[in-house]
Amino acid sequence: MGLKLRRKVAVIGAGLTKFMRRALETGRELSFYAARQALDSAGLRFKDIESVVISTAPDAFDGVHMKTEWLADGCGSFHRPYLRGYVGGGSGVFALIQGWYMVASGMFDTCLVVAEEKMSSCQPHPQGAFNTIFDHTLERDLGVNLLWIFALEMNRYMQVHKLGLEEIALVSVKNKKNALDHPSAQIPKAVTVEEVLASEVMAWPVHRLMVSPTTDGAGAVVMASEDVARRVCDKPVWVEGVGWCLDSAFWTNRDLYYPDYVEKAAKMAYEMAGITDPRREIHIAEPYDPFAYKELHHLEGLGLADRGQAPKLLAKGFFDRDGDLPSCPSGGLLGVGNPIAAAGMMKCCELFWQLRGEAGKRQVSRPVKRGVAQAWGDLMQVGTVIVLGV
Amino acid sequence: MKPDNVRGKNLDKKGFEEATRVKYDLKAEYAYDMGYAVSRYLMGLKAGKIVGIKCHKCGRILVPPRAFCEQCYVPIDDFVELSGRGRVNTFSISYVKWDASRVEKPEIPAVIELEGASPGVGILHVLGEVDPKDVHVGMEVEAVFKEEQDRKGEITDILYFRPVK
Amino acid sequence: MKDVFIIGVGVVPARPLSPEVSYRELIFEAAIKAYEDAGITNKDVETFVAASEDFNEGVSIFDEYVPDQIGAVLKPVHTIGGDGLMALSAAYLQIATGGFRIAFVESHSKLSNLLTQEHIEEFALDPIYFRNTRLDPKFLAGLDMQSYMARSFAPCDAFANVVCAHRKNAMKNPVAGYPAWLTPEGVLATKPVATPLLDGMCAKPADGACCVILANRDVAEACKRAVAIDGIAFYTAEPHPDTWKWGYAIYAELCAKKAYKMAGIESPESEVDLVEADDRFPHKFFEHLEALRLSKPFEGYKDFANGKFSKKGQVPANLSGGHLGIGMMHEATCLYQLAFAVKQLRGEAGEAQLGKVDCAVVQSWRGLPTQTGALAVLRRWG
């Protein structure tokens, strides 16, 4: 950004609900669980919260228009400034970016940031709602679904870099296994490469075990200005860099093999954080992994691997929990679940706990002082990146 | 270990059917205005042609056409007729339909870079008259239109793209 | 402390239908007008914020379709699920961090493309507790108006007069979509929607687009016609109708308290030269004026009848025509009102010009069934 920022902002508390295929709870209740847990973990009272940010992906899932107005009480927004930032799937990480600018502006000292998703309300299957994200005239009538666009991108990525399916299946193996240690996980499981490749072909080259499930869940963090953070929190996790970037809607005019939008968002965040060598200065990463190949795609966009090289590093164990640069130690979307906005939030919460040494069995072996979380969204368009550090 | 005390009760399919629920069928109907650029495209499809547009500043030839070049940020209006042939940029073989139901005979969506448009500029459509095993990136294809009397000025006026013999 | 300024606005004429342009083309026109007004190009902008709601557009994840027409490809862009003034607040906050020099705010409406508006409005109600009435959701406005009338003893024609006045004001606003010369009797003869609310009292939908460009002090100093944002606030009060305080607009009270404090306004009646408030229902217009402390509680209608809010009155209100005169465009109308206020502050409002305007207040409401709104205090600068 190149200018002098007014004040520093930290994350001082975090909370998550269980991630489930079909929650009994309503969206308002799920938001409350997460928000309450975040508040308690921060050691603040409800009245200490000056503002609320909510992020949640399409209204079509919950089945309520202007759904954040409906979720307001669950998110703690009663007689408070309340804002919804929306960048599709990128919203989970963007929520913290928005919380950052709410507090960094000087207008608020504290901000409760909530991410919620209740996909199971959409019947007969949430996947159907994704048809409406495509161009209403030129694409929807073709019967397009979300699997198509991911499969098209995955195929392009594999073709350009001459990758094999086994290389990509390793991501599912790693993440689903990592998720066995995550208390919120929806479908943690130890799977093998063979099992992944034997699973149902949904839209070739995408196999079922390479796709994250549809999920209900919520997550929240509390963000605060430097003064407040230093007073109430024993180990604040500082927002060191933020970046976000949205590419053109004409996705069929772009070469999908590389995510420019992630690269630009990462550059913006690294510049703010003063990072010139991300591979040395970033110790832990939580890139967005709705599909197995996406983690690799995004690691390259984040500058943590050369183009086409992420699969090779993965195979060497570089991105394992005990590797040099642990990636998705939480278990990611593939392992923990994919409640769109709450999934990005889950990744940020993971960094919060890892950087404070509170991740228990998931704690990575190497010492960590700085991590990056990234979310993706829209028609292969959005990169939202946050660098957190202690 | 964090997170602790995670709350939330998961329901299985049966539990979901038996839980107290409220059903609501939304009536959401829209009639989208096509505007200047896309109208020309659709009129072209009705006439059995694929129409692109040229930016006088960067020289790119773009499809689907638009009233401004999003990179140069200038209004453009130089429509160009394309041949209807192209190359497969990427493709997939899909056994799952938009509503998550499964099909035996797969659909083959593809991004097709159109001949006459700038490199990398393509449209989304489906492939037909081809065995999925034979589809490959770089394959030359051509548009197959519906019969003239059946065309309505929609993207489905193109039935599919088939390999060029 | 003046941190953030408005350096450009771009507006397209609002109208009931716009079949000749797609939403992209409509927004493109507003965007280039804003860039022209500010004297900058899209390359100068560092962050973009758009206001939209999926179901108004008929597209899920509408932010996908935002960047191209505002010149924001591969730049920081996000949408705010809120009205135009809330999106402007988000842009304000970003500049106030110190990290951004110039921000672009976009809002638009293609409501003519939505054929089942009442169904979408109903879709915003809580599915378990409130949708079961299966009535046009404006019944909530009817209840609120009833409550206002019962406490204020305002007669029906008080509300009809607001409609006539604002639609007449619209005749001097070249971008208004519903200029008209009506009579109170004509308004009162229209069909009931949810008594006491009549159809003629409801603002009508329109298509349009409005873009606003904000900048920090350094950039504003180089630009000759900048307007200062002295105070800004946005609030959500009670989320569900079962806890509404009927007859009041608490969100607007909270916004006014905060924004006036920021702007150093202590007696708004004497310090505000122009107010542009949400008037999509006349009773809401009164509630807003009272919440903004421009009238005592439940006396807004009396002050209106006495001419306090006319062009020559103490606090001219809604000279732009407001929602009633411009058209109800969900996210965009409040920015049309803001653009009008900006022109007044610059002395560029033509026939509608008030004379010297130093301080203008623009207030917005997200509409039914919310209790969310925003407020901005603008001041002449330089």
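Above this text is the structure in question.
Predicted model, so just to flag it, every value in this text is computed and none were measured.

Participant: What am I meant to see in the overall build of chain C here?
Facilitator: Along its length, chain C carries 15 helices and eleven strands. By the compact-globule yardstick of 21 Å for 382 residues, chain C fits well, its C-alpha radius of gyration being 19 Å. Its C-alpha atoms put chain C at 55 × 45 × 35 Å along the principal axes. Looking at the 382 residues of chain C, the share that counts as buried comes to 66%.

Participant: Help me understand the nonpolar core in this model?
Facilitator: Most often, soluble globular proteins have nonpolar side chains that are buried together. Among the nonpolar cores identified, the biggest contains 341 residues, and Val221(A), Met223(A), Ile386(A), Val212(C), Leu214(C) and Ala376(C) are the most heavily contacted of them. By residue number, the principal contributor to this core is helix H14 (residues 340-355) of chain A, which donates twelve residues. Here this core gathers at least three residues from each of two domains, domain 1 (4-115 + 209-222) and domain 2 (138-199 + 227-380) of chain C. With residues near it in sequence (within four places) discarded, Met223(A) still touches Val9(A), Ala10(A), Val11(A), Leu96(A), Gly99(A), Trp100(A), Val103(A), Cys111(A) and Val113(A).

Participant: How should I be thinking about helix H12 (residues 282-291) of chain C in this particular structure?
Facilitator: Three or four residues apart is the spacing at which side chains of an α-helix point the same way, because the helix has 3.6 residues per turn. Residue and element names in this part refer to chain C. The buried count for H12 comes to ten of ten residues, which makes it a mostly enclosed element. Every buried residue of H12 is listed here: Pro282, His283, Lys284, Phe285, Phe286, Glu287, His288, Leu289, Glu290 and Ala291. Of the surrounding secondary structure, the elements contacted by the buried residues of H12 are helix H6 (139-152), helix H7 (156-169), helix H10 (250-263), helix H13 (300-305) and strand E10 (359-365). Once H12 ends, the next one or two residues include Arg293, with phi positive near 60 degrees.

Participant: Honestly, the pairing of strand E11 (residues 372-380) of chain C in this entry has me stumped. Any pointers?
Facilitator: Within a regular beta strand, the side chains point alternately toward one face of the sheet and then the other, so they alternate between its two faces. Residues and elements named next belong to chain C. When you tally the buried positions in E11, you get eight out of nine residues, the bulk of the element. Of the strand pairs in this sheet, strand E8 (residues 227-236) and E11 are connected by nine bridges, and their pairing is antiparallel. Within E11, the residue paired with Gly231 across the bridge is Val377. Bridging between E10 and E11 involves seven bridges; their strand directions are antiparallel. For Ala360, the partnering residue across the bridge sits in E11 and is Leu378. Counting the residues in the hairpin turn of E10 and E11 gives six residues, including Gly367, whose phi is positive at 90 degrees.

So, how was this worked out
Positions within a chain are numbered from 1, following the residues in the order the chain's sequence is written. All chains are assigned letters beginning at A, and all ligands numbers beginning at 1, according to the order in which they are written. In view of the model being predicted, local features appear only for residues whose pLDDT reaches at least 70, and side-chain atom pairs are presented and counted only at 80 or more, with totals across whole chains, interfaces and linings using the full set of residues. Helix and strand assignments come from DSSP, with helices taken as H or I runs of at least 4 residues and strands as E runs of at least 2, each series counted from the N terminus. Values of the radius of gyration come from C-alpha atoms, whereas the globule rule sets the reference at 2.2 Å times the count of residues to the power 0.38. Once C-beta atoms are placed from the backbone, each residue is buried if 20 or more other C-beta atoms lie within 10 Å of its own, exposed if 12 or fewer, and partly exposed for counts between those two. Under the definition applied here, buried Ala, Val, Leu, Ile, Met, Phe, Trp, Tyr and Cys residues are grouped into a nonpolar core through C-beta atoms within 7 Å. Where each domain starts and ends comes from a domain assignment, either automatic or drawn from a database. Each residue is represented by a C-beta atom placed from its backbone, and any two residues with such atoms within 7 Å are regarded as in contact. Pairing between strands is defined by DSSP: at least two bridges between the two strands are required.

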